[in-house]
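# Summary of the model geometry
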Amino acid sequence: RSDGINAEYGIVNFNQNVQKLLSEMNLVLARRMSSSFSHAISLLPPSLNWIDNEYYTGSGKNLDAINKATGKIVMSSPSATNDDVDKAVQSSVKAFHSFKDIPAAERGNMLLKAATLLKERTTDFAHLETLDTGKPFYESEFDVGTGVEALRFIGGIVQNYHEVTMI
């Protein structure tokens, strides 16, 4: 019929088919992302505290990292107390005294190596960022890429300081 009823029904039917297709695509994407997120979660450290070149279990109450999309706990880690922070500061001061004597160009090479390692694991870090913040994955990938470029930029700048020790 040409009185608009069939045309209206066709549009409704088309919209329902599009919605069904999008739902199926989202399900496939969610399954793929779920396995990727599971892999990323497996890469999380046993503790979020790093003191004296090793993971350190804080002695404070547990803090939960919650997946913003699902509301589920991704991981739980003990928080740091004031004593834990004091240990970290003492460790940092000790490390600074040895690190400050490393020539700037060598430190720049360390930053360039860090950029390479971060670039190689962009997907992992982007998944973790998405889990932590709830932002879209493509934004997290962009953020990790920005970090890579920042490390490369600073690492490249200090290559010109061969005879200078920078503090």
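Here the structure is shown first, and the text comes after it.
Here the residue numbering is sequential within each chain, running from 1 through the sequence in written order. pLDDT decides what is reported in this predicted model: residues at 70 or higher carry local features, side-chain atom pairs at 80 or more are listed and counted, and totals for whole chains, interfaces and linings draw on all residues regardless. Excluding hydrogens and water, the side-chain figures rest on all heavy atoms present in the structure.

Turning to the pairing of strand β4 (residues 73–78), a few remarks are in order. Across 5 bridges, the pairing between strand β3 (residues 62–66) and β4 is antiparallel. Bridge pairing in β4 places A65 opposite M75. The rule for pairing is simple: two strands pair if DSSP sees at least two bridges between them. Starting at the N terminus, helices and strands are each numbered in turn, a helix being any DSSP run of H or I of at least four residues and a strand any DSSP run of E of at least two.

To continue, consider the nonpolar core. A115, L118, A126, F137, V144 and V148 form the largest nonpolar core, which has 6 residues in total. Of all the elements in the fold, those that place two or more residues in this core are α3 (104–120) and α5 (137–157). With 3 residues, α5 is the largest single contributor of residues to this core. By nonpolar core we mean a set of buried residues, namely Ala, Val, Leu, Ile, Met, Phe, Trp, Tyr and Cys, connected to one another through side-chain atoms within 4.5 Å. Residue burial is assigned from relative accessible area. The probe radius is 1.4 Å, only protein chains are included, and a residue is buried under 20% of its type maximum, exposed over 50%, and partly exposed in between.

So, on to the pattern of salt bridges. By salt bridge we mean one thing: a side-chain nitrogen of Lys or Arg within 4 Å of a carboxyl oxygen of Asp or Glu. Inspection of the entire model under this criterion finds 5 salt bridges. Among the ionic pairs, K94 bridges to D52, the shortest N-O distance being 3.7 Å. Of this pair, K94 sits in helix α2 (residues 82–99) while D52 sits in the loop between β1 (49–51) and β2 (54–56); the two residues are 42 residues apart in sequence, bridging distant segments of the chain. Judged by relative accessible area, which is 57%, K94 ranks as exposed. Owing to a relative accessible area of 44%, D52 belongs among the partly exposed residues under this scheme. Note that R121 and D124 form a salt bridge whose closest N and O atoms lie 3.5 Å from each other. Given a relative accessible area of 36%, R121 falls into the partly exposed group.

Size it by volume and the second largest pocket reaches roughly 190 Å³. Among the elements of the structure, β1 and α2 are those that each provide at least two residues to the lining of the second largest pocket. Looking at the lining of the second largest pocket, its residues break down into 4 nonpolar, 3 polar and 1 charged. In the cavity and pocket records, a cavity denotes points on a 1 Å grid over the protein atoms alone where a 1.4 Å probe fits but cannot get out, a pocket denotes an open set with protein on both sides within 12 Å along at least 5 of 7 lines, and lining residues are residues with an atom within 4 Å of a point. Grid points are joined across faces, edges and corners, and a volume is the space filled by probe spheres set on the points. Put simply, Ala, Val, Leu, Ile, Met, Phe, Trp, Tyr, Cys and Pro go in the nonpolar bin, Asp, Glu, Lys and Arg in the charged bin, and everything else, Gly too, in the polar bin.

Compared with the 30 Å implied by 1.5 Å per residue over 21 residues, the 30 Å span of α5 between its first and last C-alpha is a close match. Among the residues of α5, F137, S140, V144, V148 and G155 are the ones counted as buried. Along the axis of α5, the buried positions cluster into a sector of 85°, meaning they face one direction only. For α5, the exposed residues set more than 90 degrees away from the buried face come down to Y138, F142 and F153. A helix is expected to span 1.5 Å multiplied by its residue count minus one. The directions considered for the arc are those from the helix axis to the C-beta atoms.

The backbone of D52 sits at a positive phi, close to 55°, despite the residue not being glycine. The backbone of N53 sits at a positive phi, close to 65°, despite the residue not being glycine. Considering the arrangement of structural elements, one finds N53 in the loop between β1 and β2.

For the pair helix α4 (residues 122–133) and α5, the least separation of the axes is 8 Å and the interaxial angle reads 125°. Accordingly, the angle class assigned to the pair α4 and α5 is oblique. Like other packed secondary-structure pairs, α4 and α5 cross with a definite hand, here right-handed. Mapping the contact onto sequence places T122, T123, F125, A126, H127, E129 and T130 in α4 and F137, S140, E141, D143 and V144 in α5. Think of each axis as a best-fit line through the C-alpha atoms, taken over the contacting stretch in the case of a helix, with angles from 0 to 180 degrees between the N-to-C directions. Here the angle decides the label: under 35 degrees means roughly parallel, over 145 means roughly antiparallel, 65 to 115 means roughly perpendicular, and every other value means oblique. By definition, any crossing whose near helix is turned counterclockwise from its far helix by less than a right angle is left-handed, and any crossing with a clockwise turn is right-handed. Here a residue-residue contact requires only that any non-hydrogen atoms of the pair lie within 4.5 Å.

Distances and angles like these do not, on their own, reveal function.
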